[in-house]
Amino acid sequence: MTANGWFQIAFFLLLILAVTKPMGVFMARVFNREKTFMDPALRPIERLLYRVTGVDENHEMRWTEYAVAMLLFSAVSMLVLYLMQRAQAFLPFNPQKLAGVAPALAFNTAASFTTNTNWQNYSGETTMSYFTQMAGLAYHNFVSAAVGIAVAIVFIRGLAWREVETIGNFWVDLVRSCLWVLLPFCIVGALALVSQGVVQNLKPYDTVKLIEPQQVQKADANGKPVVRPDGKPVMDKVTARTIAQGPVASQEIIKEWGTNGGGFFNANSAHPFENPTPLSNLIELFCIFAISAGLTYTLGRMTGSPRHGWAVWAAMAILFFVGVSVTYWAEARGNPLLLGRVDQRVSAAQSGGNMEGKEIRFGIANTALWANVTTDASCGAINGWHDSFTPLGGMVPLVNIMLSEVIFGGVGAGMYGVLIYIVLAVFIAGLMVGRTPEYLGKKIEAYDVKMAMLVVLVFPLVILGFSAISAVKGFGTSSILNPGPHGLSEILYSFTSQAGNNGSAFAGLNTNTLWYNTAGGITMLVGRFLMILPMLAIAGSLARKKYVPASRGTFPVTTPLFTALLIGVILIVGALTFFPALSLGPILEHLLMAAGKTF
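Described below are features of the structure shown in this document.

Examining helix α16 (residues 485–499)
So, step 1. Here α16 is 15 residues long and its end C-alpha atoms lie 21 Å apart, about the 21 Å a rise of 1.5 Å per residue gives.
So, step 2. Counting buried residues along α16, 14 of its 15 residues qualify, which places the element largely inside the surrounding structure.
So, step 3. Downstream of α16 by one or two residues, Asn 501 has phi in the positive range, about 50 degrees.

Given below as structure tokens:
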């Protein structure tokens, strides 16, 4: 670990602190339908959209109507994306003449981008046409993020509004999320990325001859290395390379700003066409957290308690810093198998630490920072391979997702996720003093706690259930490239990432199979919608309640004690749920490597 590395981490956190209030104030004004500096340009477009689609912007919805609208919109969007992939060979903007996507993979990808997961069982540059990338995937990057923001705002309204049956209008929240919060910032951000060298064109791929032909090991259709009967690798001679390109910058910016994570290229943000410079790296990191951090202040502003918003922000920031610190320490310490045998210290001659799977231009500190940011949020973009991290270094991103990605979290998803934990925290605090718990003037009753527990239970049920099946059945284990506890970690990470709508992967696991495509698609849909529905039910319940003035027995939610309690609830729920699985995966792998054993 170096002073420069710690400076990069601290500087990033200060940037997020600086943007929290202005972003939060802006979003509060947007969703309270107060005047903003963008209104002269955007209000006419908004009115036109409502006129064309027949939406009454003044119509207020109950939570059930809101939920139905959200589900129908998502279902139709998913179907359109599925059909677009299947028919892409006949659609325009396909200079590489790429074929239609196979049914199981098309289902998985449609579910992935509809749920803001952006899990990719394919290589973008060899599977998706420009049309599919732009009209299908990039479109979903916007609207899936907008749905997440809308649900978070609805939950906040449930706390802020009193004795009403409605919680807003889904179509209005969706449109305002896209027009005010997502689109303008992405236009500016895309131009900033282009200035750094991120590619943006519609040209066909270029083929160039290599100055020196290369010998590379041949791989089969599943990506596994091919070997001869005597165990020696089968080699291919490569004399030319294809340079993929396309409309990258426009998708890259919404991929980060909307915490989507699906890369234009297979290498994602480790690819120099997606993330070429340290400045582009910082811009993309900043984009992942900006909206989510701002929503904490939006919570405080819309509920009339800014100090509560900062208390929630503090809980997130503490968990974030602890996670980054552990990852940075584990990776800078080096490979446990080589400790005491090989010099892994930082010096003028070497980077030091565990550099496997990391870009030299980013180094250990920035890769550790990115790994935590992308898994604290439901983003999933990567600039280094988590599969190549040390066992403890790779466990932290996995744990971040297992904690429901409430450490800032994805756009909207992190906010409504942490509000569930807040409901549980104030419920526990109420039990401690023997009175009905209250949260920002609303009594938390049995119905609210039941809905919150349903959210908490659905998440581990789908993760551990599918992971268990995959770990014992041949159709699951046949995809594992790494045996032993690391293989279990790969399976566990796969379903955790998909249930958490994250999208990052441990790699080393071939998930482009009928089983993993189907099970993964189901996991992503369950992880998104079976968690949103109880949250909308809680929002509707809270909106109907009367305001109860604070009394001497009310647990304050603006103090360091509340922040500590919230952190404790998040960690305890995660630890009790997932520790047994972690002990058989990354923890066991670390102990075996420390003992000098490998698989």
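Read on, since the account is not over.
Side note on a nonpolar patch on the surface
So, step 1. There is a patch of nonpolar side chains on the surface, built from Met 1, Ile 318, Val 322, Val 326 and Trp 329 and spanning about 440 Å² of accessible area.
So, step 2. Of note, Met 1 is situated in the segment before α1 (3–31).

Quick notes on the layout of surface pockets
So, step 1. By volume, the largest pocket amounts to about 840 Å³.
So, step 2. Taken together, 32 residues line the largest pocket, and the ones lying closest to its centre are Gln 120, Asn 121, Tyr 122, Asn 266 and Leu 509.
So, step 3. Across the lining of the largest pocket, the residue classes break down as 12 nonpolar, 18 polar and 2 charged.

Concerning the pattern of salt bridges
So, step 1. If you walk through the whole model with that rule in mind, you get 16 salt bridges.
So, step 2. One salt bridge in this structure joins Arg 43 and Glu 46, with 2.5 Å as the shortest N-O distance. Here Arg 43 and its partner Glu 46 are both found in helix α2 (residues 39–53), 3 residues apart, which amounts to about one turn of the helix.
So, step 3. What makes Glu 46 buried here is its relative accessible area of 0%.
So, step 4. A salt bridge links Lys 255 to Glu 274; the shortest N-O distance between them is 2.6 Å. Here Lys 255, found in helix α8 (residues 249–257), pairs with Glu 274, found in the loop between α8 and α9 (278–302); they are 19 residues apart in sequence, far enough to count as distant. Grouping residues by exposure puts Lys 255 and Glu 274 together as buried.

Quick word on the environment of Thr 375
So, step 1. Examined against the element boundaries, Thr 375 turns out to sit in helix α11 (residues 363–376).
So, step 2. Taking the C-alpha atoms as reference, Thr 375 lies 8.7 Å from Val 399; in sequence the two are 24 residues apart.
So, step 3. Of the polar contacts made by the side chain of Thr 375, one reaches the backbone oxygen of Ala 371; its length is 2.6 Å.

Overview of the side chain of Arg 528
So, step 1. Secondary-structure assignment places Arg 528 in helix α17 (residues 514–544).
So, step 2. No salt bridge is formed by the buried Arg 528; its nearest oppositely charged neighbour, Glu 405, is found at 8.9 Å.
So, step 3. Here the side chain of Arg 528 touches Ser 144 through a polar contact of 2.8 Å, landing on its backbone oxygen.
So, step 4. Filtering out sequence-adjacent residues up to four positions away, Arg 528 remains in contact with Thr 115, Asn 116, Ser 144, Val 147, Gly 148, Tyr 416 and Asn 501.

Side note on the environment of Ser 467
So, step 1. With respect to the secondary-structure elements, Ser 467 resides in helix α14 (residues 446–472).
So, step 2. On a C-alpha basis, the gap between Ser 467 and Trp 63 in space is 33 Å, while along the polypeptide they are 404 residues apart.
So, step 3. Those residues within four positions of Ser 467 in sequence are excluded, and the remaining contacts are Ile 491, Leu 492 and Phe 495.

Comments concerning empty space enclosed by the protein
So, step 1. Tallying each qualifying case throughout the model produces 4 cavities of 30 Å³ or more.
So, step 2. Volume-wise, the largest cavity comes out at about 180 Å³.
So, step 3. If you trace the largest cavity, you find 17 residues lining it, with Ser 404, Ala 413, Tyr 416, Gly 500 and Met 531 closest to the centre.
So, step 4. When contributions to the lining of the largest cavity are tallied by element, the ones reaching two or more residues are α13 (413–433) and α17.
So, step 5. Element by element, the count of residues in the lining of the largest cavity is highest for α17, at 5 residues.
So, step 6. Tallied by class, the residues present in the lining of the largest cavity amount to 7 nonpolar, 8 polar and 2 charged.
So, step 7. Reported here for the second largest cavity is a volume of approximately 60 Å³.
So, step 8. Lining the second largest cavity we find Val 426, Ala 429, Gly 430, Val 433, Arg 435, Thr 436, Pro 437, Glu 438, Gly 553, Thr 554 and Phe 555.
So, step 9. For the lining of the second largest cavity, the residue count by class is 5 nonpolar, 4 polar and 2 charged.

What about the side chain of Ser 325?
So, step 1. Mapped onto the fold, Ser 325 is located in helix α10 (residues 306–333).
So, step 2. A distance of 2.7 Å separates the side chain of Ser 325 from the backbone oxygen of Phe 321, its partner in a polar contact.

Criteria and thresholds
- Each chain has its residues counted from 1, following the order in which its sequence is written.
- Reporting of local features is limited, given that this is a predicted model, to residues whose pLDDT is at least 70; pairs of side-chain atoms are given and counted only at 80 or more, and all residues count toward the totals for whole chains, interfaces and linings.
- To get the side-chain values, all heavy atoms of the structure are used, and hydrogens and water are removed first.
- Strands here mean DSSP runs of E at least two residues long; helices mean DSSP runs of H or I at least four residues long; both are numbered from the N terminus.
- Multiply 1.5 Å by the residue count of a helix minus one, and that product is the helix's expected span.
- Using a 1.4 Å probe on the protein chains alone, a residue whose accessible area is under 20% of its type maximum counts as buried, one over 50% counts as exposed, and one in between counts as partly exposed.
- Exposure above 30% relative accessible area and no salt bridge define the residues that can form patches, which grow by joining like charges within 9 Å and nonpolar side chains of Val, Leu, Ile, Met, Phe, Trp and Tyr within 5 Å.
- For the accessible areas, the method is Shrake-Rupley and the probe is 1.4 Å, while residue cover comes only from the protein chains on display.
- Note on definitions: salt bridges are taken to be side-chain nitrogens of Lys or Arg within 4 Å of carboxyl oxygens of Asp or Glu.
- Only protein atoms enter the 1 Å grid, on which a cavity is a set of points fitting a 1.4 Å probe that cannot get out and a pocket is an open set with protein on both sides within 12 Å along at least 5 of 7 lines, lining residues being those with an atom within 4 Å of a point.
- Grid points are joined across faces, edges and corners, and a volume is the space filled by probe spheres set on the points.
- Classification convention: Asp, Glu, Lys, Arg as charged; Ala, Val, Leu, Ile, Met, Phe, Trp, Tyr, Cys, Pro as nonpolar; all other residues, Gly among them, as polar.
- Counted as a polar contact is a pair of N or O atoms within 3.5 Å, where, for protein atoms, one must be capable of donating a hydrogen and the other of accepting one, and residues adjacent in sequence contribute only when both atoms are in side chains.
- We score Asp and Glu as negative and Lys and Arg as positive, and we do not count His or the chain ends.
- We call two residues contacting when some pair of their heavy atoms lies within 4.5 Å.

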